[in-house]
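Breakdown of the fold
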Amino acid sequence: QVQLVESGGGLVQAGGSLRLSCAASGRTFSGYHMGWFRQAPGKEREFVAAIHWSGGKTYYADSVKGRFTISRDNAQNTVYLQMNSLKPEDTAVYYCAADSSTGWGLSSETHEYEYWGQGTQVTVSS
């Protein structure tokens, strides 16, 4: 079991920045690929970014590429999502998730991730 707790959400104006954190406990954090997803009201949960367990590979949705950066600190059991140049359409609940898959590939599919946090709200005002 892996327990995940997100933090860092809030209200920000368009063009601003936020950094989300996801603290993990339980089984060895460094053994998991980690992902960030988001869900806006009335919409399906969508992929935002993922990072390999080693930190050596990242993967982004086209909608956030160049604005968001995912990173991890395996010593601190934490994964981060730095969000810059925020837009109103980035408003959503943001979730982190853990994927125990091995190998070099990273998934954007929700069903590939076994563990999920409770989410943190990000609201971007225009």
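Look a little higher up for the structure.
A brief structural summary. Throughout, a residue's number is its position along its own chain's written sequence, starting from 1. The predicted nature of this model means local features are confined to residues of pLDDT at least 70 and side-chain atom pairs, given and counted, to a pLDDT of 80 or more, with totals for whole chains, interfaces and linings taken over all residues. Values reported for side chains reflect all heavy atoms of the structure, with hydrogen atoms and water molecules removed beforehand.

1. A look at the side chain of Arg67
What counts as a helix is a DSSP run of H or I of at least four residues, what counts as a strand is a run of E of at least two, and both are numbered from the N terminus. In this fold, Arg67 is placed in the loop between β6 (58–60) and β7 (68–73). Exposed residues in this analysis have more than 50% of their type's maximum accessible area, buried residues have under 20%, and partly exposed residues fall in between, with area computed by a 1.4 Å probe over protein chains only. When its relative accessible area of 11% is taken as the criterion, Arg67 is described as buried. In this structure the side chain of Arg67 is engaged in a polar contact, spanning 2.9 Å, whose partner is the backbone oxygen of Ser63. Polar contacts, as used here, are pairs of N or O atoms within 3.5 Å; protein pairs need one atom able to donate a hydrogen and one able to accept it. Residues neighboring in sequence count only if both atoms are side-chain atoms.

2. Regarding the pattern of salt bridges
Salt bridge, as used here: a side-chain nitrogen of Lys or Arg that lies within 4 Å of a carboxyl oxygen of Asp or Glu. With the rule as written, the count across this model stands at 4 salt bridges. Note that Asp62 is salt-bridged to Lys65, the shortest N-O span being 3.1 Å. Residue classification places Asp62 among the exposed residues on the basis of a relative accessible area of 67%. Two residues, Asp90 and Arg67, come together in a salt bridge whose shortest N-O distance is 2.7 Å. A residue pair is termed long-range when its members are at least 10 positions apart, and Asp90 in the loop between β8 (78–83) and β9 (92–99) and Arg67 in the loop between β6 and β7 qualify at 23 residues. The same class applies to Asp90 and to Arg67, which are both buried.

3. Structural notes on the nonpolar core
Grouped together as the largest cluster of nonpolar side chains are 37 residues, with contacts concentrated most on Leu4, Met34, Trp36, Leu81, Met83 and Tyr94. Looking at this core, the elements that each hand over two or more residues are β1 (2–7), β3 (18–26), β4 (33–39), β5 (46–51), β7, β8, β9 and β11 (120–125). Should any heavy atoms of two residues lie within 4.5 Å, those residues are considered in contact. The contact partners of Leu4, leaving out residues within four places of it in the chain, are Cys22, Ala23, Ala24, Met34, Cys96, Ala97, Ala98, Tyr115, Trp116, Gly117 and Gln118. The set of buried Ala, Val, Leu, Ile, Met, Phe, Trp, Tyr and Cys residues whose side-chain atoms join them within 4.5 Å is what this entry labels a nonpolar core.

4. Remarks on the packing of aromatic side chains
Each pair of aromatic rings taken from Phe, Tyr and Trp, with Trp reduced to its six-membered ring, is defined by centres within 6.5 Å and is described as stacked if the planes are under 30 degrees apart, edge-to-face if over 60, and tilted in the remaining cases. This structure, assessed with the given rule, holds 6 aromatic pairs. Their ring planes at 75° and their centres at 6.1 Å tell us that Tyr32 and Tyr115 sit as a pair that is edge-to-face. With Tyr32 in the loop between β3 and β4 and Tyr115 in strand β10 (residues 115–116), the pair connects residues that are 83 residues apart, well separated along the chain. Comparing Tyr32 with Tyr115, the two get one shared label, buried. What links up through ring pairs into an aromatic cluster is the set Phe37, Phe47, Tyr59, Tyr113 and Trp116. We count a charge as sitting over a ring when the NZ of a lysine or the CZ of an arginine lies within 6 Å of the ring centre and within 35 degrees of the ring normal. Sitting above the plane of the Phe29 ring, Arg72 keeps its charged end 4.4 Å from the centroid.

That is the geometry; function is a separate question.
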